[in-house]
Amino acid sequence: MSVQENLQLIQANIMEVCSKTNRDPNEIKIIAVTKYVSTETAQKAIEAGIEHIGENRDSGLNQKWEVMGERAIWHFIGTLQTRKVKSIIDKVDYIHSLDRLSLAEEIDKRADHIIKCFVQVNAANEETKQGLSVDEVVPFVEKLKDFPNIRVVGLMTMAPFTDNESVLRETFSKVKKLQKGVQALNLPYAPCDELSMGMSNDYKIAIEEGATMIRIGTSLVGKEF
Ligand SMILES: *Cc1c(COP(=O)(O)O)cnc(C)c1O
């Protein structure tokens, strides 16, 4: 199937889930994750109507940005090494992987404008995953007051790799609950009204549980490498 056809299918699924759960489909943004595909294929996503592009490596982001920088809104979605911040900071609109103070400090220092950040949560406490544990999130967000270039627009999570629906649902709903906890702090730099959750295999459940940004790679643009 073409990227265009994949996108139509995903949009139809979004409509279906939204009507089932009484959500406004305009609330859901699709980020095309292009880490496994060429710049050429990434451009096909833009031509199909995608506005948001996500990359998890500074090299992949820079390569694609050189060619199509002006045509997309850029999301850095992967583990971000502190020393790599400098090479991406002027190109990204969103960083989805804020998980430590040293990274906040570096983003704040290198940025010349406010960067929209998601605090990454390891909601299922998996050893292999990055992110703060649920209990660490509120104290961490409170400490971010010292960094004027950081805005906490939301929370991001990656669910366990499973097709066990109740495990997925429980993970996403935990993060939704945590979002309410952060919002209740009423911090001007942490509106936290977005939830970045859901990938190719679990985005429908993520939307049911409150996702506003879904990060879709394989089932939208495919996998070339
Ligand atoms: C690769 C990746 C995705 C997309 O994964 P697919 O299963 O291909 O949709 C989403 N989020 C993050 C953080 C990723 O690294």
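Anyway, here's the lowdown on the structure attached to this text. (Residues numbered from 1 in each chain as written. Predicted model: local features only at pLDDT ≥ 70, side-chain atom pairs only at ≥ 80, totals over all residues. Heavy atoms only, no water.)

This paragraph deals with the side chain of Gln120. One can find Gln120 in strand 5 (residues 115–121). Given the relative accessible area of 4%, Gln120 is considered buried. (Helix = DSSP H or I, 4+ residues; strand = E, 2+ residues; numbered from the N terminus. Buried < 20%, exposed > 50% of the residue type's maximum accessible area, 1.4 Å probe, protein only.)

Within helix 2 (residues 39–47), burial applies to Thr39, Thr41, Ala42, Gln43, Ala45 and Ile46. Looking at the packing, one finds that the buried side of helix 2 touches helix 1 (3–21), strand 1 (29–33), strand 2 (52–55), helix 3 (58–68) and helix 9 (218–221). After helix 2 finishes, the residue Gly49 shows a positive phi value of roughly 115 degrees. (Contact = heavy atoms within 4.5 Å.)

Before going further, it helps to examine the pairing of strand 1. Within strand 1, four of the five residues are buried, which leaves it mostly tucked inside the rest of the structure. For strand 1 and strand 8 (residues 213–216), the ladder comprises four bridges, and the chain directions are parallel. Looking across to strand 8, one finds that Ile31 is bridged to Arg215. Once you follow strand 1 into helix 2 and on to strand 2, the crossover reads as right-handed. (Pairing = 2+ DSSP bridges. Right-handed = clockwise from strand over helix to strand, strands pointing away.)

Turning our attention to the site of the ligand. Around the ligand, the neighbouring residues are Val33, Lys35, Ile77, Met156, Met158, Met199, Ser200, Arg215, Ile216, Gly217 and Thr218. Between the ligand and Ser200 there is a distance of 2.6 Å, counted from an oxygen atom to a side-chain nitrogen or oxygen. Within the complex, the protein chains bury 90% of what would otherwise be the 390 Å² of accessible surface of the ligand. Taken together, the residues that form the shell around the ligand break down as six nonpolar, three polar and two charged. (Near = heavy atom within 4 Å. Polar contact = N/O pair within 3.5 Å; in protein donor to acceptor, adjacent residues only side chain to side chain. Areas by Shrake-Rupley, 256 points an atom, 1.4 Å probe, with all protein chains shown as cover. Nonpolar A, V, L, I, M, F, W, Y, C, P; charged D, E, K, R; others polar.)

With that settled, consider helix 5 (residues 101–110). Taken together, the buried positions of helix 5 are Leu103, Ala104, Glu106, Ile107 and Asp108. If you follow the buried residues of helix 5, they end up packed against helix 4 (85–88), strand 4 (94–98), strand 5 and strand 6 (150–157).

Closest axis-to-axis distance for the helix 6 (residues 134–143)/helix 7 (residues 165–183) pair is 10 Å, and the angle between their directions is 25 degrees. Accordingly, the angle class assigned to the pair helix 6 and helix 7 is roughly parallel. Crossing angle aside, the handedness with which helix 6 passes helix 7 is right-handed. In this structure, helix 6 contributes Val134, Val137, Val138 and Val141 to the contact, and helix 7 contributes Lys174, Leu178 and Val182. Of the residues in the contact of helix 6 with helix 7, the class split is six nonpolar, no polar and one charged. (Axes fitted to C-alpha atoms, helices over the stretch in contact; angles between N-to-C directions. Parallel < 35°, antiparallel > 145°, perpendicular 65-115°, else oblique. Left-handed = near helix turned anticlockwise from the far one by under 90°.)

This part is about unusual backbone geometry. Outside of glycine, negative phi angles account for most residues, and trans bonds account for most peptide bonds. Phi angles above zero are rare outside glycine, and Asn186 is one such case at about 55 degrees. As for its placement among the helices and strands, Asn186 is situated in the loop between helix 7 and strand 7 (194–196). With a relative accessible area of 67%, Asn186 lands in the exposed category. With a phi angle near 50 degrees, Cys192 is a residue other than glycine that sits in the positive phi range. With a relative accessible area of 0%, Cys192 lands in the buried category.

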